[in-house]
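Residues per chain are reported as follows:
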Amino acid sequence: MPSQSKRLCVFGDSHIGSLRKALDAGLIKSAGFEIEFWGATGPQFRQIDIIDGVVRPTSPQAAEMVAQVNGQGREALAPGDFDIYLFFGARLRMADFMPPYLQRLRDPQNGISAAVLEAGARGFLADRRMARIARNFGASGKSRVFFAPAPLWTWGIQDNAAAQKLADDYPLAVDAGKTDRDMIWEVFQQIFEPDGVTLLRQPEETVTRGIFTDPKYAAEGAQDSGDIGHKSAEYAALVFKSFLKAAK
């Protein structure tokens, strides 16, 4: 745990709501951090970008949303504004990358090399604006940066055709184990590290059926809403505990 108070910014999209709920419910403690949340939900998150090294909303609607999420009048973010940045969710969706690449890794006839896997991961990250921002902040050396990507889709949400289609499309990936997933996590970790970004993996105890999140970590009301993306406060608490361990 930190020996003295440090400033922590949790930066992300609608996924940061689960972490706020975990803190409010006492599932986790601030552990000596002064925590601010900063970000936006829905389409407003796409209207946040880095301009001249500073992250700002690029529309009045996004600025209004950021103000609501932050609640402390912070209109922009720059390296050094906080001791630590924790990118949480932030549209880095491992559900878009893991299934097809696990499928290929486990295919004995059409497998892929480590070089191809790395090239795919680099291309994936290059196309994700928040990954580029995290690497920019980390490379500055002014703040420590951690990134917890958006979790895998939730399995077992009633009548969710999208999850079932994913399982049908990537049947070999559904049988993937920890060793398979570790290969992918390690590639992402190795890409992030030179820029001073620490990757936080999805906790293994939350994974089921190779490429899904266990339904016990589904967001509240997910069975009624069909929400397979967002997760519970309990899930966020596990990720935050892994952050605290890595941040020691």
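The preceding data block contains the structure.
The structure contained in this document is the topic of the report that follows. Everything numeric in this text was worked out from a predicted model, so none of it was measured. (Residues numbered from 1 in each chain as written. Predicted model: local features only at pLDDT ≥ 70, side-chain atom pairs only at ≥ 80, totals over all residues. Heavy atoms only, no water.)

Things to note about the nonpolar core
So, point 1. Among the nonpolar cores identified, the biggest contains 77 residues, and Phe11, Leu86 and Phe243 are the most heavily contacted of them.
So, point 2. Of all the elements, helix H9 (residues 233–247) adds the most residues to this core, at nine residues.
So, point 3. The contacts of Leu86, once residues within four sequence positions are left out, are Leu8, Cys9, Val10, Phe11, Leu19, Phe146, Ala148, Leu200, Phe240 and Phe243. (Core = buried A, V, L, I, M, F, W, Y, C linked by side-chain atoms within 4.5 Å. Buried < 20%, exposed > 50% of the residue type's maximum accessible area, 1.4 Å probe, protein only. Helix = DSSP H or I, 4+ residues; strand = E, 2+ residues; numbered from the N terminus. Contact = heavy atoms within 4.5 Å.)

Details of the sheet that holds strand E2 (residues 33–39)
So, point 1. Taking strand neighbours across the sheet as the criterion, the five strands line up as E2-E1-E5-E6-E7 in an open arrangement whose pairing is parallel. The open sheet has two free edges, formed respectively by E2 and strand E7 (197–199), since each of these has just one partner strand. The mean inter-strand angle of the sheet, taken between neighbouring strand axes irrespective of direction, is 25°.
So, point 2. With respect to the sheet, helix H5 (residues 129–140) is in contact with strand E1 (6–12), strand E5 (84–93), strand E6 (144–150) and E7, its orientation differing from that of E6 by roughly 165°. (Pairing = 2+ DSSP bridges. Axes fitted to C-alpha atoms, helices over the stretch in contact; angles between N-to-C directions.)

Re the layout of surface pockets
So, point 1. As a volume, the largest pocket reaches approximately 210 Å³.
So, point 2. Here the element with the most residues in the lining of the largest pocket is helix H1 (residues 16–24); it accounts for three residues. (1 Å grid on protein atoms, 1.4 Å probe; cavity = no way out; pocket = protein on both sides within 12 Å on 5 of 7 lines; lining within 4 Å. Points joined across faces, edges and corners; volume = space filled by probe spheres on them.)

Some points on the environment of Arg56
So, point 1. The topology assignment puts Arg56 in strand E4 (residues 54–57).
So, point 2. The spatial distance from the C-alpha of Arg56 to the C-alpha of Ala31 is 28 Å, given a sequence separation of 25 residues.
So, point 3. In contact with Arg56, not counting residues within four places along its chain, are Trp38, Gln47, Ile48, Asp49, Glu75 and Ala76.

Looking at H1
So, point 1. For H1, the full list of buried residues reads Ile16, Ser18, Leu19 and Ala22. The buried residues of H1 occupy one face: seen down the axis, they fall within an arc of 155°. Looking at H1, the residues exposed on the side facing more than 90 degrees away from the buried face are Lys21 and Asp24.
So, point 2. In the stretch just after H1, Gly26 is the one whose phi turns positive, near 75°. (Arc of directions from axis to C-beta.)

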